[in-house]
Every structure is written in structure tokens, then in C-alpha cells.
Amino acid sequence: MKKNLLIFLLLFGVAYFFTNGFLNTFFQQDEWNGFGLVTYLSHQPIWAWFNMLTGQHLVPFTSSSWLVFYRIFGFEAGYYALTSLLLHTFAAFLVYYFIKSLSKDTVVSLLTALLFITNSRASLAFIHLAVFSNTIPCLILIILFFLYLGKIIQKKIYGKKDAGILAALFLTAVFFREDAFILIPLLPIYIFIYNRKALVKQNLPFFSIFYAFAVTFFIFRFVMQLVNPIALNVSNKSYLTTYLYNAITFPVKLVIQNLFEGYYTIQMFIYQHSQLLYPVQLSAEVINTIYLDLVFLAIFNVVAVVSFIVFRGIKDKSVWKNIYFFIAWILIDALLLASVGRRMNLIEGRYLYLSSVAVLFILSVILVKVYRSGSPHLILGVFKKMLVIIVIIGFLISSYLRMQKDIKTFETQGQVRKQILSGIMKVHPAIPKNTIFFVKCKDECYRNSEFGVSNSLVLPFSSGPGWIIMLYYSRQNEKAYAPFFTRFEGETELWDWKVGRYTKVKNQDFLWDMGAQGYRKIGDYSFGYFVSEDFLRETIKKNNLNKNIVIGLEYDEKNFKIEDISNRIRNEL
């Protein structure tokens with residue numbers, strides 16, 4: 001017990017060091033959508049949490065856990081960051097415990113856990129506050145699934161209770177994140193590898209109970225995906241082509257992108273220079289994809305050759321069983337992830353979190369094997385040990401630098417956004433039932449490029465400022481504002497990146513999308529957000545509104561301060 005506590009504290013200390021500054025971060029983008037969603041759902045019947053027909057994902061436990069965080073922490077992002085750090089540490093500890101139960105090797109287990117907890121390639125899964133509440137609990141439950149299976153694996157006959165517990169763990173995990181579908185094919189693979197004698201007729205009730213739950217749920221989700229009018233269309237030709245491309249390339253990418261940094265730089269270089277070779281025949285995007293995939297394949301071949309050389313010296317059958325199991329883990333994860341619905345030249349960090357366990361275990365086996373291997377020549381033996389140490393140190397340093405770079409960016413941008421929202425609440429601590437916000441820059445907007453958004457959006461948020469401002473005020477009367485965080489059939493304007501201007505659209509989540517502006521009235525309450533004075537004037541006229549409900553705000557980009565200019569704006573209207 002003391003040893004386990006010591007390992008947990010050690011892992012937490014490493015995580016805290018590598019994520020220095022993380023507790024000072026702020027919400028980036030999708031977190032705001034989550035706040036609006038749970039605000040709406042908390043005033044709906046319980047079945048609304050299952051979101052059956054209104055979204056692409058069925059993850060009620062993610063939504064409910066986010067509501068719990070919101071009720072406890074409010075908009076204090078530091079508490080969310082600390083929770084994420086603790087969950088990530090617990091996941092790393094379970095990785096250590098799981099690997100040790102399989103390998104019986106403390107060094108391999110500790111090294112895998114160390115590489116996992118510091119892996120910057122997958123760090124968006126825990127330093128992006130919108131993601132941690134589903135990625136980490138899902139992985140924790142997947143590992144608990146196999147830990148329980150490991151405790152009963154040597155039994156020849158598995159009981160109905162065992163099937164029920166595993167089905168409950170599966171269902172709980174998949175209600176956090178659909179990555180848990182990996183358990184459906186991995187269960188028989190695990191049993192086949194570690195105790196194939198259990199694949200007998202007497203265990204038919206065990207498999208029947210588990211797969212009755214799992215397959216029924218899988219079919220249900222697939223059907224819901226087909227009938228959902230706003231969900232991803234999984235039956236069209238374009239989707240199938242994309243899936244095939246992802247399924248072929250993802251196994252290689254999951255391995256390589258969990259091991260190495262710098263691919264974004266390579267991607268940008270290829271993108272900028274590819275048209276010099278193919279100025280007419282192929283687009284830069286297509287060439288970029290081809291070249292980048294070739295880079296992945298070339299590096300993978302080198303890794304595969306090195307792995308083959310090392311693995312040839314492994315005689316222990318138990319080690320080979322673990323290697324086979326985690327290769328299956330990677331391949332199945334790639335096949336499931338391929339259904340994401342879009343082609344990925346570079347796999348996003350949050351999608352690497354699950355596969356990183358398998359990839360980093362295999363890496364750890366290779367490193368420990370090389371370090372422990374004997375050599376007839378002293379110099380060669382020292383060289384191999386030094387090489388292993390250099391690889392580990394290189395992995396840790398690159399991870400630290402990458403995480404610190406991302407965290408500093410999040411921290412800098414987050415503090416500005418936090419200051420803006422505090423400034424708005426300071427000049428207007430409360431608002432009337434009917435309110436429209438109009439925001440403009442003090443001078444010509446020029447600093448939004450520092451935040452990766454257009455200057456035409458005025459405020460430097462990567463999601464709708466109107467939605468975020470409405471969230472802050474909704475806490476004063478949540479029941480009244482909850483219905484506003486849904487789709488809006490009325491007219492709104494969204495920023496169109498392709499044409500570089502606002503375009504009018506309908507049937508969108510009210511004020512959620514980047515730069516969204518518009519007005520909505522529900523019952524006795526109404527709310528609006530505008531940066532275009534012409535659109536504001538048009539809306540006031542169309543809805544016969546009193547211009548005195550307009551709150552005018554002036555945003556000073558020099559010091560990110562907010563000033564009330566309501567009287568001036570009302571006079572101009």
C-alpha cells in the first residue's frame with residue numbers, strides 16, 4: 001500500500017513539473033459549449049442527458065460529470081486543471097499496475113508509466129480542459145476492465161457475475177467516450193492470448209451475456225447514427241473512402257506520432273514547397289498528404305526493423321504474449337478511430353491517448369531489453385546502455401518543451417480572455433431581462449491575429465463571445481437562460497473563413513459558433529450580441545425593439561480593457 005502511494009505521488013510530481021503553469025490556464029473553446037449544454041440539460045428530463053437525437057455522440061456520463069464540475073468549480077479553470085492532473089496521474093498509476101500485472105517487470109512498468117504521463121504527443125487529452133473529462137475516465141475504465149479480467153483469467157469457467165461486471169465497465173466507459181468499443185474485439189483476443197483454454201463451450205453463457213450488452217448497444221448506436229439528421233453520414237461513398245484511407249494509414253501514424261515530435265513543422269514545409277514540384281497537376285493539400293504519409297512510412301520502417309532486431313532476442317513467451325496483445329490494441333484502436341469522419345494527415349493529440357499505452361509499453365520493452373542485453377565487448381555494452389538513456393532523456397526533454405510551449409500559449413491567451421470577461425462583468429454586474437450587447441474596438445482591431453482569429457470578430461475568442469457572455473449572466477437566473485443554449489431557427493450571422501466575411505444562416509446553436517451574432521427572445525427574456533452596427537440596426541427595426549436595451553462596450557486592445565459606451569451607441573442607433 002505504501003509503495004503504491006509512493007509511486008502515485010512520484011507520478012503526480014512528475015506530471016506537475018512537466019505541466020508547470022497548467023493551473024493558470026483558462027478555457028479555450030469547446031469547454032464553453034459544454035457549459036451551455038449542461039446548463040440546458042440540467043433543466044430538462046433525465047432522458048435528455050442521453051442526447052439520443054440531438055448530437056453525434058452518446059456520452060451522458062461525460063455531460064453529467066461536466067455538470068458536477070461546473071456546479072462545484074464554476075468558471076475557476078484552475079480547479080478543472082488540477083482535477084485533470086489528478087485523473088491523468090491515476091490513469092498513469094493504473095498503466096503501471098496493469099503493465100506490472102502482465103509483465104511482472106517493475107522496471108518496464110515504471111518506464112511505461114513515466115513515458116505515458118509525460119507524453120506530450122497525447123497531452124491535449126489532459127491539458128485541453130474540454131477533453132479530459134471523457135478521454136481520461138474512459139481509459140481508466142478500460143484498464144480496470146482488463147485488471148478485473150486479469151484476476152479471473154486463470155479460471156477455466158467464467159461466471160455470469162463476471163460477465164455482468166465486465167458489461168457494466170464497458171457500458172460505463174462507452175458512456176464517457178466511444179473509444180471503449182475497443183473492448184468488444186479485445187476481450188476474446190485477451191482470453192485467446194492469456195488463457196485460450198477458456199474458449200470452451202462451458203463459457204458460452206459468459207460470452208453471451210457480455211456480447212448481448214455490447215453488440216446490442218453497438219447496433220443501437222449505429223442505427224441512431226444513420227437516422228440522426230445532423231449526425232455524420234456513415235453510409236455515403238465519401239465517408240467510406242475516408243474510412244478506408246484512415247484505416248490503412250492510422251496504425252503507422254499511431255505508432256510514429258506517439259514516439260516523435262516535429263511533424264507539424266514537416267507538414268508546413270511540405271505544404272509550402274510542394275506546389276513548386278506540382279504547380280498544376282495536384283493541389284498542395286494532396287501533395288502534402290502523399291509526402292507526409294511517405295515520411296511516416298519511412299520512419300515506421302526504420303522503427304520496425306529496429307524492433308525486429310531486438311525482438312529476435314526475446315525468448316520469454318510471456319513477453320511475446322504482451323507484445324501480441326498490445327499490437328492488437330493498436331490495430332483495433334486504429335480501425336475504430338478511422339471512423340472519425342475526416343481524413344487526418346496528423347492525428348490530433350487527444351486521439352493518441354488510448355494508443356499511447358500500447359505504443360509506449362512496446363517502446364519500454366525494447367529499451368529495457370537493449371539496456372539489459374549483454375555484449376562480448378565492454379565498449380559496445382556501454383554504448384547500448386548510453387543509447388537507451390539518451391533515448392529516454394530525449395523523449396522526456398522533447399515532451400517537456402512541447403507541453404510548456406502549449407501551456408504557455410493557453411495561459412497567455414486565457415489570461416487575456418479572462419480579463420475581458422471580468423471587465424464586462426465589472427461594468428455591468430447584472431443585466432435586465434431584455435439585453436443586447438454591441439461590442440467594438442476602441443481603434444481599428446489589429447491584435448486578434450495573435451489569437452488565431454480574424455480582426456473582424458472584435459473579441460479574441462475562438463468560439464462565440466455572445467454565447468460565453470450569456471453563460472456568465474445565466475448564472476444569475478439559470479432556469480430562464482437555459483433554453484437559449486439550443487439551436488435557433490431564426491437568422492444569425494457567422495464568420496465565413498472561406499470568403500472572409502459574415503454570412504447569414506439559420507438553424508444554428510444560438511451565438512455558439514465563432515463570431516456568431518444575432519438576437520433571440522424566449523418568454524419574458526431576450527438576449528443578443530452584435531459587432532456589426534448595420535445588422536444590429538436591422539434587428540432592432542425588424543423586431544420593433546427599444547434601442548435602450550442595447551449595452552455598448554468598447555474594447556481597448558492595448559490593455560484588453562472594457563469600457564461602457566452605451567449612451568453613445570444608443571444615440572448612433
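Let me sum up the structure you'll find in this document.

## As for the overall build of the protein
Part 1 of the argument: Helix and strand counts for the protein come out as 20 helices and seven strands.
Part 2 of the argument: Summarising its shape, the C-alpha atoms of the protein cover approximately 90 × 55 × 55 Å along the three principal directions.
Part 3 of the argument: Looking at the protein as a whole, 53% of its 573 residues are labelled buried.
Part 4 of the argument: In the form shown here, the protein has an accessible surface area of approximately 26,900 Å², with 64% of it arising from carbon and sulfur atoms.
Part 5 of the argument: Between the averaged position of the 56 positive side-chain charges in the protein and that of its 35 negative side-chain charges there is a distance of 14 Å.

## Some details on the environment of Thr435
Part 1 of the argument: In this fold, Thr435 is placed in strand E1 (residues 434-441).
Part 2 of the argument: You can call Thr435 buried: its relative accessible area is 0%.
Part 3 of the argument: Apart from residues no more than four positions distant in its own chain, Thr435 is found in contact with Ser526, Phe527, Gly528, Ile549 and Ile551.
Part 4 of the argument: At 3.0 Å, the side chain of Thr435 forms a polar contact with the backbone oxygen of Pro432.

## Observations concerning helix H17 (residues 465-474)
Part 1 of the argument: Where burial is concerned, most of H17 is hidden: 10 out of the 10 residues are buried.
Part 2 of the argument: Among the residues of H17, those classed as buried are Pro465, Gly466, Trp467, Ile468, Ile469, Met470, Leu471, Tyr472, Tyr473 and Ser474.

## A closer look at the nonpolar core
Part 1 of the argument: Membership of the largest hydrophobic core comes to 172 residues, with the highest contact counts inside it found for Trp32, Phe146, Phe326 and Trp329.
Part 2 of the argument: Not counting chain neighbours up to four residues away, the residues in contact with Phe146 comprise Phe98, Leu183, Leu186, Tyr190, Phe325 and Trp329.
Part 3 of the argument: Counting 12 residues, the second largest nonpolar core, distinct from the first, contains Ile436, Phe438, Tyr519 and Phe530.

## Here's the deal with a nonpolar patch on the surface
Part 1 of the argument: Together, Tyr371, Leu378, Val382, Met386, Ile389, Ile390, Ile393, Ile397 and Leu401 line one region of the surface with nonpolar side chains, adding up to about 870 Å² of accessible area.
Part 2 of the argument: Here the element with the most residues in the nonpolar patch is helix H16 (residues 378-427); it accounts for eight residues.
Part 3 of the argument: Within the fold, Val382 resides in helix H16.

## Structural notes on helix H8 (residues 160-174)
Part 1 of the argument: With 15 residues, H8 extends 21 Å between its outermost C-alpha atoms, agreeing within 8% with the 21 Å of an ideal straight helix rising 1.5 Å per residue.
Part 2 of the argument: Restricting attention to buried positions, one finds in H8 the residues Asp162, Ala163, Leu166, Ala167, Leu169, Phe170, Ala173 and Val174. Taken end-on, H8 shows its buried residues confined to a sector of 160°, consistent with a single buried face. For H8, exposure combined with an orientation more than 90 degrees from the buried face picks out Lys160 and Lys161.

## Thoughts on the pattern of salt bridges
Part 1 of the argument: Summed over all chains, the structure comprises 14 salt bridges.
Part 2 of the argument: For the salt bridge of Asp162 with Lys155, the shortest nitrogen-to-oxygen distance reads 3.0 Å.
Part 3 of the argument: Judged by its relative accessible area of 6%, Asp162 is buried.
Part 4 of the argument: With a shortest N-O distance of 3.0 Å, Arg177 and Asp179 are connected by a salt bridge.
Part 5 of the argument: Salt bridges linked by common partners bring Glu533, Asp534 and Arg537 together as one network.

## Re the layout of surface pockets
To find the voids left in a structure, one rolls a probe of water-molecule size over its atoms.
Part 1 of the argument: Of the voids in this model, the second largest pocket is the one considered here, and its volume is about 910 Å³.
Part 2 of the argument: Along the wall of the second largest pocket there are 35 residues; nearest its centre are Leu259, Val303, Ser307, Leu363 and Ile366.
Part 3 of the argument: Counting residues per element, the ones that place at least two in the lining of the second largest pocket are helix H11 (237-257), helix H13 (284-311), helix H14 (317-337), helix H15 (353-372) and H16.
Part 4 of the argument: A total of 10 residues in the lining of the second largest pocket trace back to one element, the largest contributor, which is H13.
Part 5 of the argument: Looking at the lining of the second largest pocket residue by residue, the class counts come to 28 nonpolar, four polar and three charged.

## Considerations on the sheet that holds strand E2 (residues 487-496)
Part 1 of the argument: Here seven strands make up an open sheet; going across it, the order is E3-E2-E4-E5-E1-E6-E7 and the pairing mixed. Each edge of the open sheet is held by one strand with a lone partner, namely strand E3 (501-509) and strand E7 (561-564). Taking each pair of neighbouring strands and ignoring which way they run, the sheet shows an average axis angle of 20°.
Part 2 of the argument: In terms of strand pairing, E1 meets strand E6 (residues 550-556) through six bridges, oriented parallel.

## Focus on the packing of helix H4 (residues 77-103) against helix H7 (residues 132-152)
A packed helix pair is summarised by two numbers, namely the angle formed by the two axes and the spacing between the axes.
Part 1 of the argument: Between H4 and H7, the least distance of the axes is 10 Å, while the angle of their chain directions is 20°. As the angle between them shows, H4 and H7 are arranged roughly parallel. Where H4 crosses over H7, the two elements pack in a sense that is left-handed. Contact residues: H4 offers Tyr80, Thr83, Ser84, Leu87, His88, Phe90, Ala91, Leu94, Val95, Tyr97, Phe98 and Ser101, while H7 offers Phe132, Ile136, Ile140, Ile143, Leu144, Phe146 and Leu147.

## Some details on unusual backbone geometry
Part 1 of the argument: Even without glycine at this site, Val458 takes up a positive phi of about 70°.
Part 2 of the argument: Along the chain, the position of Val458 falls in the loop between E1 and H17.
Part 3 of the argument: Of note in this structure, Phe560 is not a glycine but carries a positive phi near 60°.
Part 4 of the argument: Classification of Phe560 by relative accessible area gives buried; the value is 13%.

## Details of the packing of helix H2 (residues 30-41) against helix H3 (residues 60-73)
Part 1 of the argument: Where H2 meets H3, the axes come as close as 9 Å, and the angle between the chain directions of the two elements is 95°. With respect to H3, the axis of H2 lies roughly perpendicular. Contacts between H2 and H3 involve Glu31, Gly34, Phe35, Leu37, Val38, Thr39 and Leu41 on the former and, on the latter, Ser63, Trp66, Leu67 and Tyr70.
Part 2 of the argument: When its residues are assigned to classes, the contact of H2 with H3 shows seven nonpolar, three polar and one charged.

So, how was this worked out
- Residues numbered from 1 in each chain as written.
- Predicted model: local features only at pLDDT ≥ 70, side-chain atom pairs only at ≥ 80, totals over all residues.
- Heavy atoms only, no water.
- Helix = DSSP H or I, 4+ residues; strand = E, 2+ residues; numbered from the N terminus.
- Buried < 20%, exposed > 50% of the residue type's maximum accessible area, 1.4 Å probe, protein only.
- Areas by Shrake-Rupley, 256 points an atom, 1.4 Å probe, with all protein chains shown as cover.
- Lys, Arg positive; Asp, Glu negative; His and termini not counted.
- Charge placed at Lys NZ, Arg CZ, Asp CG, Glu CD.
- Contact = heavy atoms within 4.5 Å.
- Polar contact = N/O pair within 3.5 Å; in protein donor to acceptor, adjacent residues only side chain to side chain.
- Core = buried A, V, L, I, M, F, W, Y, C linked by side-chain atoms within 4.5 Å.
- Patch = residues over 30% accessible without salt bridge, like charges linked within 9 Å, V, L, I, M, F, W, Y side chains within 5 Å.
- Salt bridge = Lys/Arg side-chain N within 4 Å of Asp/Glu carboxyl O.
- Expected span 1.5 Å × (residues − 1).
- Arc of directions from axis to C-beta.
- 1 Å grid on protein atoms, 1.4 Å probe; cavity = no way out; pocket = protein on both sides within 12 Å on 5 of 7 lines; lining within 4 Å.
- Points joined across faces, edges and corners; volume = space filled by probe spheres on them.
- Nonpolar A, V, L, I, M, F, W, Y, C, P; charged D, E, K, R; others polar.
- Pairing = 2+ DSSP bridges.
- Axes fitted to C-alpha atoms, helices over the stretch in contact; angles between N-to-C directions.
- Parallel < 35°, antiparallel > 145°, perpendicular 65-115°, else oblique.
- Left-handed = near helix turned anticlockwise from the far one by under 90°.

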